[in-house]
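For reference, the chains in residue letters:
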Amino acid sequence: MTDPAGLPRRLASRRWLARAALLFEAVWPAVWPPLGVIGLYLCAALLGLPQMLPMRSRFALLVAVGVIVVVLAWHGLRTVRIPDRAIADRRLETDSGLPHRPLSVLTDQPAGGDDVTRAVWRAHVSRAATRIGRLRVGWPHPGLARRDPRALRFAVLLGLIATLVIAGAEAPSRIVAALTPSLPAEAPGQSTELQAWITPPAYTRVAPIFLKAQGGSVAVPAGSHMTVNVSGGESVPTLSLNDHADHFTALDRNSFQAERDLQRGGVLTVRRDGQTLATWALTVIADEPPMAAWGEQPGRQPLNQQVRLPWKVADDYGVTSLQAELRLKPRPDAPPLVVAIPLPGGSPKEARGLSQQDLTAHPWAGLAVTARLVARDAAGQAGTSGIVTFELPERPFHNPIARALIAARKTLSVNPDDRGDALAILDGLMQAPDAFHGDIGAFVNLSAIYYLLVRNPSPAVVSEAQQEMWDLALHLEEGQAEQTARALEEARQAAKDALDRAQQNPNDATRQELDKRLQALRDAIDRHLQALAEEARRNNALQPFDPNALQMTNRDLDRMVQQAEQAAREGRMQDAQKQMDALQRMLDRLRNARVGQGDNKQANSERKRGRQQMGVVQDLIQRQAGLMDHAQQRGDQSAPQAAPQGGADPAAQREADRRIQQALRRALGELMQQFSDLTGQMPQSLGDADQAMQESTRRLGQGDDDAAGQAQQQAIEALQKGAREMGQTMAQQFGRQPGNGQEGEDGDGDGGEFGFGMMMPDDRGPGHGAGPIPGEPQRADPRGRDPLGRTVQGQSPDTNDTMVPEERERQRTQAIQEELRRRGAQQQRPREELDYIDRLLKQF
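Keep in mind that what you see is a predicted model, and the values were worked out from it rather than measured.

> Is there a simple way to think about the packing of helix H8 (residues 400-414) against helix H9 (residues 420-430) in this case?
Close contact between H8 and H9 brings their axes to 8 Å; oriented N to C, the two are set at 165 degrees. Considering the angle they form, H8 stands roughly antiparallel to H9. H9 is crossed by H8, and the crossing has left-handed handedness. Counting all contacts with H8, which are made through Ile401, Ala404, Leu405, Ala407, Ala408, Thr411 and Leu412, the residues of H9 involved are Asp421, Ala422, Ile425, Leu426 and Leu429. A breakdown of the residues in the contact of H8 with H9 according to their chemical character gives 10 nonpolar, 1 polar and 1 charged.

Written out as structure tokens, the structure is:
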């Protein structure tokens, strides 16, 4: 039941809502065209388009937009009327679904005045009031969908959102600049002059930017310095950026200057006496931090013990420094090992490269580390790469005491607070003084290291002890010549780096540093040559004069260093670089020209293993040639005598050859792995032979003897070439000298095949040794042979390289038999390999 007392209040509120809905339905269709124009102008303002126009054009555009908005608003609103109460009542009755206009009953009066009529009228009014209690006002329906069927209103809204995102923090300043209806004053007269320029930071290498006096827009790097000069007039101008204003500084009575460092953008305005002299829309471009990333997985260099650090960097204005931060994985809280990586060309914007560092002397060598790259730009910002994990390469030691010292050194790196394991290792070494073979100094140094760790609990002692362990290990592993060779390489690298810095940044400091490094290189060369001479005298290994070998003295090397120094002092950096490159080639040949008689037993053992591996290659060539003969016999259908012996089935023989080919390929794989372990290098030709053997196996399985024969021929050629490459590799690593028919220290009778000579090789590039070059007419082969290895008429050949198949050959045959029997007893090997081993054993 409706409360008659509260009916007028409820009816009034419903009428107000109805009138508001009717008014919105009338006003909204009238105002959306001008609002659309305003939205489009705001989109342009957020994009900075009006600011690109001259001041007068911008003012004209703003006025035109204002006029359009006013005209459209007037045109739409001139027909709008405020709804009266009757119209509101009709809207209420319609939205509420009330028929017969019950709201009019509340204001009407009955025509008659008798009691019955009035009673009936009151009952009618009461029923109408009851229905009025259910009044409701529906949502407005302006009907824009009929007037805007393409929904352009939503496109304007979407454009506003997108441009707000684009403008970002500069949105308010751009809107203010676009809506400021200030017409600039007339151009200053001849007595007033305005000059403005912006100087970007020096590290950006961007030229100064001069601003136009009539205004405009400009984008500059963050940290730029702006200078504005105003000449003429006596009143002091102001320079304002957004809401912050600064007064100019008077240089004299009629000249003023203002300066400001720019860190954010906005509207930059110069005013004087209430008039605008110039306005610029300023955009400040933030300096992004540099990017650093690994080019690929870092780790050990395949051919040596250096660590390879592939890197790539990029920065908008250039990377100034790059370094690798290495942390010990078992102890990540330890201070990092920082490795500086030189960048090409000073401060490149984008570069990539590979840095090779020798970290074998570091206490972390042989342990797992985590690494990341850190690149910095001139603004001091840093960018880092992802973290990778790898093991630092370590130098191999053959001396057992040296290996034990390095093991103790590692334990101190992993846990420096617990010295027990390291002391146990050192104590074990001290209990065996005979292992030092009379080297009293080494034993005394070992004792000093032990008691240093026992008696001094200071954490700083650990690093000192680790360095002494390393020095002692090198002393036990190397001789004086090896130590001076290592020092010479370090001095050469330091001189090369100094030369690179002098080329990139030529000044007095870099030239003085280069002179210092070149002098240190000369001293290192002298010390190394003296060590070589002392080692040769000690080993009684000085060779007689050979007229066919190039002689090199310390005066020759010193002259090359002086020429490089003179070229650098005169500014001829390219000539200096050429001299340094030639010096490096000479030092590389000098490093290979070592005395062979001074090799220790370990080196002789490695040479012996190399010769045995080359013998295996020759055996593979012979067996591969046998398979090729079989394939050619099967493929020759026109020669009956070439048929398989005993009338064997060609398919069965082909299958047997296929199994033999597989076994030969596996043997070649084992040989390649052993040679790689021995020398750290892998001849490419052996890989080609492996691929040819694989092709031969496939062709034999397909029954194609012709193609199999071609693949086997390729395998033989690749094996022959691989044997030559193996010989060159061993000559480069172990040296070569003419055979003298004397047995080496291992007593195998071939100690003179590979060794080191004191003669410097000639300048013919890799592969040419120190002695005469076969086939060259002005140099005769001392063994009396022609370039093809044949005996020259009238000369007796040197038979020192002739192998007599006596005791040594018998021992080699016995060793092969024992190895074949060992492998034949391993039943887990493939059946075809076991069959092949059984056939080989039947030949002995």
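> How do you make sense of the nonpolar core when you look at a structure like this?
Ranked by size, the top nonpolar core spans 29 residues in total, and within it Leu405, Leu426, Leu446, Leu453 and Met469 carry the most contacts. Elements supplying a minimum of two residues to this core: H8, H9, helix H10 (440-455) and helix H11 (460-477). Once residues lying within four places of it in the same chain are set aside, the contact partners of Leu405 are Leu426, Leu429, Leu446, Met469, Leu472, Ala473 and Leu476. Formed by 28 residues, the second largest nonpolar core is a distinct cluster that contains Met614, Phe675, Ala723 and Leu840.

> Help me understand H10 in this model?
Each α-helix winds once per 3.6 residues, and so residues spaced three or four apart point in a common direction. End to end, H10 covers 22 Å across 16 residues, agreeing with the expected 22 Å (1.5 Å per residue, within 8%). Turning to H10, its buried residues number three or more, namely Ala442, Leu446, Ser447, Ile449, Tyr450, Leu452 and Leu453. Its buried side turned inward, H10 meets H8, H9 and H11.

> Any chance you could explain a nonpolar patch on the surface here in plain terms?
Among the surface-exposed residues, Leu47, Leu49, Met52 and Ile166 lie close enough to one another that they form a single nonpolar patch of about 390 Å² accessible area. When you line up the elements, Leu49 lands in the loop between helix H1 (7-46) and helix H2 (55-77). With a relative accessible area of 43%, Leu49 lands in the partly exposed category.

> Where do I start with the sheet that holds strand S3 (residues 216-221) in this structure?
By way of backbone hydrogen bonds, the strands of a sheet pair with one another, either parallel or antiparallel. In space, the 5 strands of this open sheet follow the order S3-S10-S9-S5-S6, with mixed pairing throughout. Edge positions in the sheet fall to S3 and strand S6 (244-247), since each has one partner strand and no second. Adjacent strand axes in the sheet meet at a mean angle of 25 degrees, parallel and antiparallel pairs treated alike. Relative to strand S10 (residues 275-285), strand S9 (residues 266-272) runs antiparallel, the two being bridged by 7 bridges.

Analysis parameters
Residues numbered from 1 in each chain as written. Predicted model: local features only at pLDDT ≥ 70, side-chain atom pairs only at ≥ 80, totals over all residues. Heavy atoms only, no water. Axes fitted to C-alpha atoms, helices over the stretch in contact; angles between N-to-C directions. Helix = DSSP H or I, 4+ residues; strand = E, 2+ residues; numbered from the N terminus. Parallel < 35°, antiparallel > 145°, perpendicular 65-115°, else oblique. Left-handed = near helix turned anticlockwise from the far one by under 90°. Contact = heavy atoms within 4.5 Å. Nonpolar A, V, L, I, M, F, W, Y, C, P; charged D, E, K, R; others polar. Core = buried A, V, L, I, M, F, W, Y, C linked by side-chain atoms within 4.5 Å. Buried < 20%, exposed > 50% of the residue type's maximum accessible area, 1.4 Å probe, protein only. Expected span 1.5 Å × (residues − 1). Patch = residues over 30% accessible without salt bridge, like charges linked within 9 Å, V, L, I, M, F, W, Y side chains within 5 Å. Areas by Shrake-Rupley, 256 points an atom, 1.4 Å probe, with all protein chains shown as cover. Salt bridge = Lys/Arg side-chain N within 4 Å of Asp/Glu carboxyl O. Pairing = 2+ DSSP bridges.

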